[in-house]
Amino acid sequence: MPIDLEKLNPEQQSGALYEGGPLLVLAGAGTGKTRVITYRIARLIEAGVPAERILAVTFTNKAAEEMRRRIEELCTGKGALVWAHTFHAFAVRVLRRHHELLKLPKHFTIYDQSDQKKLVTEAMKELGLEDQTNKAAMYVSIISRAKDDLLDAQSYAIYAATAVDSARQTASRIYTLYQKKLENAGALDFGDLLLKLCLLLKEHEQVRTYYQEYFLHLLVDEYQDTNHAQYILTKTLAAKHRNICVVGDDDQSVYSWRGANIRNILEFERDFKDAKVVTLEQNYRSTPLILEAAHKVIRNNKSRKVKKLWTEKTGGDSVQVVELPNEAEEASWVVRRIAILVEDGRSLKETAIFYRTNAQSRSFEEALRRAGLPYRIVGAVRFYDRKEVKDALAYARVILNPADSVSLGRILNIPPRGIGKTSLERLELYAAANGLTLWDTFCRQDQVPQLTASCRKHIDDLTALIRKLNSAAVELSAAGAIARILEDSGYWAWLTAETETDPEAVGRLNNLQELLNAVKEYEEKIKLAGEFIDLGRYLEQVSLQSDLDAYDPTQPCVTLMTVHLAKGLEYPAVFLTGLEEGLFPIGANNSSPEDLEEERRLAYVGITRAKELLYMTHAATRRTFGQVYANLPSRFILEAQLSLHSAPPSKQTFGVSAPAARPAHVVSYRVGQRVRHPSFGAGRVLELSGSGETAKVKVQFDDGRLTKLIVRYAPLEPA
Ligand code: ATP
Ligand code: MG
């Protein structure tokens, strides 16, 4: 069946059909940018472009999966063939193919932030900076940013040498040693994935030409958040065919702290002089009042391409701004409001609570739990970050790549096998002195001085175990291999024995069972596409998981997440919380104008996620790090020109019993009655619903606004 382009408006169609080379779709939120990419790919396939020669880059794995699913819907049998990946997953796929050229082991390990921190700390200790290891996280991010800018350790050293401040030189020394350690461990961190890929393409002409020829079309979503490495990669890959289509919104660039450079999108037309630019202005997501609020906020940014969204939608509820006395009341109010929405017939999965910082989730969790409403926090402690799960995966990493010293150090004595801290220190000392990996040192433990005889035996047993598991893993599926690891390493038996004395051990066993289930589920899913998942493929998938990937939007629960994570998503009802100076915008008065503009873009992202209902809340006081602060309402509330309501205190706050709720002064209304609202002016009641606490009136205001209000909370009066 031919692809139905009627589902696109004329501008979207021109984006989906354009055949003349470089194409930029620069458009505001909810205008169908992602939809254009999907349809464009489907059209290309329909026109005969082989699906496997199309590369589509998305911002999250989830978005990549969704893109494949949509393409499959439009072109049966083709969805799985398209290279739809995040930049990182794409990099891994190519690097695995050409690992030898970069002198990487086939099963190179991908280090996450906590592995990075461990390695940086080690490097700092070796450089005599042990008194500064509390700054390890800072150095991790300095190194990561350098990699985003394609500065390897040598280039960084040259750059640092010109610096007057010694801090940069210290960073350079740490970077150099850290990088050496990564190389010894056969590991790459996230920044390396892109850096090494760029290096591969730069230094190996054959490889570069191959991919430049191979990918006939290249499409990038959320282009406004690409960093320098991603920019170079995109430009390099598109150099031959020049069929590059990037879509994005400069108003939604919110990752500069992670190295993203808004200039990439703003200067696309300079990079590709003949680029066609498509702008989309019709928003299909939100009601006019929500769009109005978004526009009023974002127009205060100076560095942006001016655009204004419109919608065919009419009516809709007004955006509500509510001031609460503190964060506990804020959470209670939001939860009560959600309960009312549910009473009104909405499902929980239609509601989302966004906040600026992760720490804010706690009060919402407590309130939701008290109300018995199911919820899910996206991006909280990940399943794969649990100790026992990390242990199991560390075994798996060592089995595939024994050089991975961070993982080997982790499992050395788990379950306890008599290789103590002192022995480990001696082994590490020997390794460092002789330029060996920990694994090499294990293999020649007879040369390491001062180890006890029993320790030597334990080391031999462990090396034998790893070798045995390594050959077993070749033939097993990922789930089979992990089950074997847990069995043969004695981990199951040890945890099972622990249950006698440690009540938490049962939970840990359950988590391991859950891990096995997860691996099996993944295997089943991929098997449908005809692929076999071995341990290597599985580890890769886990390492590349992002905060959003575990999230299933069809679950019947309230979704909680930071505004950053909400990019690209949409919900019928959105609660944008903690809108206070100092919190959102964060830093407020101490921020640079650029930082403030980024905060404003973040507010814009939050507002534009809402389809029908938007609530913005502000707590007059908030407890942060044990101190209570009084905060002014966020400038974004003022900019949106919405009036602030104070909600009456709830019956209950947690911990202490709060004053009883203000006696409800409930006025009854009748259909047709004239009413007056302090912000919306005069209007007429159209409809009545609910009763008591949740009695509602639907009012047609004279200015055209159609709004449903809760009688108890709305500052409404009979006219
Ligand atoms: P964001 O800026 O948030 O990434 P976007 O520009 O990528 O948004 P989409 O997510 O593609 O926008 O689309 C927003 C919503 O509008 C989706 O629900 C989508 O299905 C719908 N939509 C897009 N185009 C059309 C159209 N032509 N007709 C009907 N609905 C559309
Ligand atoms: Mg999008």
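Cut-offs and rules
Residues numbered from 1 in each chain as written. Chains lettered and ligands numbered in written order. Predicted model: local features only at pLDDT ≥ 70, side-chain atom pairs only at ≥ 80, totals over all residues. Heavy atoms only, no water. Pairing = 2+ DSSP bridges. Helix = DSSP H or I, 4+ residues; strand = E, 2+ residues; numbered from the N terminus. Axes fitted to C-alpha atoms, helices over the stretch in contact; angles between N-to-C directions. Contact = heavy atoms within 4.5 Å. 1 Å grid on protein atoms, 1.4 Å probe; cavity = no way out; pocket = protein on both sides within 12 Å on 5 of 7 lines; lining within 4 Å. Points joined across faces, edges and corners; volume = space filled by probe spheres on them. Nonpolar A, V, L, I, M, F, W, Y, C, P; charged D, E, K, R; others polar. Domains from an automatic or database assignment. Near = heavy atom within 4 Å. Polar contact = N/O pair within 3.5 Å; in protein donor to acceptor, adjacent residues only side chain to side chain. Areas by Shrake-Rupley, 256 points an atom, 1.4 Å probe, with all protein chains shown as cover. Parallel < 35°, antiparallel > 145°, perpendicular 65-115°, else oblique. Salt bridge = Lys/Arg side-chain N within 4 Å of Asp/Glu carboxyl O. Buried < 20%, exposed > 50% of the residue type's maximum accessible area, 1.4 Å probe, protein only. Arc of directions from axis to C-beta. pLDDT = per-residue confidence, 0-100. Left-handed = near helix turned anticlockwise from the far one by under 90°.

1. Comments concerning the sheet that holds strand S6 (residues 217–220)
Part 1 of the reasoning: As summarised here, the arrangement of the six strands in space is S3-S2-S6-S7-S1-S8, forming an open sheet in which the pairing is parallel. On the outer flanks of this sheet lie strand S3 (83–86) and strand S8 (276–278), each paired with one strand and no other. Sheet twist, expressed as the mean angle between neighbouring strand axes with direction ignored, is 15°.
Part 2 of the reasoning: Relative to strand S7 (residues 244–248), strand S1 (residues 23–26) runs parallel, the two being bridged by four bridges. Residue pairing across strands places Leu26 opposite Gly248, the latter belonging to S7.
Part 3 of the reasoning: The strands that helix H4 (residues 87–97) touches are strand S2 (54–58), S3 and S6; relative to S3, the one it contacts most, it runs at about 115°.

2. Some details on empty space enclosed by the protein
Part 1 of the reasoning: For the coordinates displayed, the defined rule picks out five cavities of 30 Å³ or more.
Part 2 of the reasoning: Empty space within the largest cavity amounts to approximately 260 Å³.
Part 3 of the reasoning: Residue lining of the largest cavity: 18 residues in total, with Asp112, Asp115, Lys390, Leu393 and Arg397 positioned closest to the centre.
Part 4 of the reasoning: Elements supplying a minimum of two residues to the lining of the largest cavity: helix H5 (113–126), helix H17 (387–400), helix H18 (405–411) and helix H25 (535–543).
Part 5 of the reasoning: Ranked by residue count, the leading element in the lining of the largest cavity is H17, at four residues.
Part 6 of the reasoning: When the residues that make up the lining of the largest cavity are grouped by side-chain class, the tally is seven nonpolar, three polar and eight charged.
Part 7 of the reasoning: Of the domains in this structure, domain 2 (109–185) and domain 4 (385–542) are the two that each give at least three residues to the lining of the largest cavity.

3. Things to note about the site of ligand 1
Part 1 of the reasoning: Around ligand 1 sit 19 residues, and of these Lys33, Thr34, Gln252, Glu570 and Arg609 come closest.
Part 2 of the reasoning: For ligand 1, an oxygen atom lies 3.0 Å from a polar atom in the backbone of Gly30.
Part 3 of the reasoning: Thr31 is positioned such that a nitrogen or oxygen atom in its backbone is 3.2 Å from an oxygen atom of ligand 1.
Part 4 of the reasoning: Considered on its own, ligand 1 offers 630 Å² of accessible surface; in the complex 81% of this is hidden by protein.
Part 5 of the reasoning: In terms of residue class, the shell around ligand 1 is built from three nonpolar, nine polar and seven charged.
Part 6 of the reasoning: Structurally, the shell around ligand 1 is a two-domain feature, drawing no fewer than three residues from each of domain 1 (10–95 + 196–282) and domain 3 (285–382 + 545–659).

4. Things to note about the packing of helix H6 (residues 136–148) against helix H8 (residues 166–184)
To describe two helices that pack against each other, one gives the angle between their axes and the distance between the axes.
Part 1 of the reasoning: It is the contact of H6 with H8, at a shortest axis distance of 10 Å, that shows an interaxial angle of 80°. By the angle between their axes, H6 is roughly perpendicular relative to H8. Here H6 contributes Tyr139, Ile142, Ile143, Ala146 and Lys147 to the contact with H8, which in turn contributes Thr170, Ala171, Ile174, Tyr175, Tyr178, Gln179 and Leu182.
Part 2 of the reasoning: Taken together, the residues that form the contact of H6 with H8 break down as nine nonpolar, two polar and one charged.

5. So, the pattern of salt bridges
Part 1 of the reasoning: Evaluation of the coordinates by the stated rule reveals 43 salt bridges.
Part 2 of the reasoning: Of the charged contacts in the structure, one is a salt bridge between Lys181 and Glu122, with a shortest N-O distance of 3.2 Å. Residue Lys181 is found in helix H8, and its partner Glu122 is found in helix H5; the two are separated by 59 residues along the sequence.
Part 3 of the reasoning: Given a relative accessible area of 14%, Lys181 falls into the buried group.
Part 4 of the reasoning: A relative accessible area of 31% places Glu122 in the partly exposed class.
Part 5 of the reasoning: Across the salt bridge formed by Glu612 and Arg346, the nearest N and O atoms sit 2.6 Å from each other. In this pair, Glu612 is assigned in strand S14 (residues 610–619) and Arg346 in the loop between helix H15 (327–343) and strand S10 (351–355), connecting sequence segments 266 residues apart.
Part 6 of the reasoning: If you follow the salt bridges from partner to partner, you end up with Asp249, Asp250, Asp251, Arg304 and Lys307 in one network.

6. So, helix H22 (residues 478–488)
Part 1 of the reasoning: For H22, the complete set of buried residues consists of Ala478, Ala479, Ala481, Ile482, Ile485 and Leu486. End-on view of H22: buried residues confined to an arc of 165°, all on one side of the axis.
Part 2 of the reasoning: Residues of H22 that are buried make contact with H17, helix H21 (453–475), helix H23 (491–498), helix H24 (504–527) and H25.
Part 3 of the reasoning: Remark: Gly490 follows H22 within two positions and exhibits a positive phi of approximately 85°.

7. As for the confidence of the model for the chain
Part 1 of the reasoning: When pLDDT is averaged across the chain, the result is 89; 94% of the residues are at 70 or more.
Part 2 of the reasoning: Scored below 50 in pLDDT, residues 650–666 makes 25 contacts in the model with residues more than four places away or belonging to other chains.

8. Let's talk about the environment of Gln116
Part 1 of the reasoning: Note on placement: Gln116 falls in helix H5.
Part 2 of the reasoning: For Gln116, a relative accessible area of 7% puts it in the buried group.
Part 3 of the reasoning: Residues Gln116 and Asp225, 109 residues apart in the sequence, show an inter-C-alpha distance of 23 Å.
Part 4 of the reasoning: Those residues in contact with Gln116 that sit more than four places away from it in its chain are Val140, Ser144, Tyr178 and Asp189.
Part 5 of the reasoning: Side chain to side chain, Gln116 and Tyr178 meet in a polar contact 3.3 Å long.
Part 6 of the reasoning: A distance of 3.3 Å separates the side chain of Gln116 from the side chain of Asp189, its partner in a polar contact.

9. Some thoughts on the packing of H23 against H24
Part 1 of the reasoning: It is at 8 Å that the axes of H23 and H24 come closest, and there the two elements cross at 150°. With respect to H24, the axis of H23 lies roughly antiparallel. Considering the relative orientation of H23 and H24, their crossing is left-handed. Along the contact surface, H23 presents Tyr491, Trp492, Trp494, Leu495, Thr496 and Glu498, while H24 presents Ala505, Arg508, Leu509, Leu512, Gln513 and Leu516.
Part 2 of the reasoning: Looking at the contact of H23 with H24 residue by residue, the classes come out as eight nonpolar, two polar and two charged.

10. Description of the pairing of strand S20 (residues 696–701)
Part 1 of the reasoning: In the sheet, strand S19 (residues 681–689) pairs with S20 via six bridges, with the strands oriented antiparallel. Among the inter-strand pairings, Arg684 is bridged to a residue of S20, identified as Gln700.
Part 2 of the reasoning: Pairing of S20 with strand S21 (residues 706–710), which is carried by five bridges, proceeds in the antiparallel orientation. Each bridged residue has a counterpart across the sheet, and for Lys696 the counterpart in S21 is Ile710.
Part 3 of the reasoning: The antiparallel pairing of S20 with S21 creates a hairpin that spans four residues between the two strands, and Gly704 there sits at a positive phi of about 100°.

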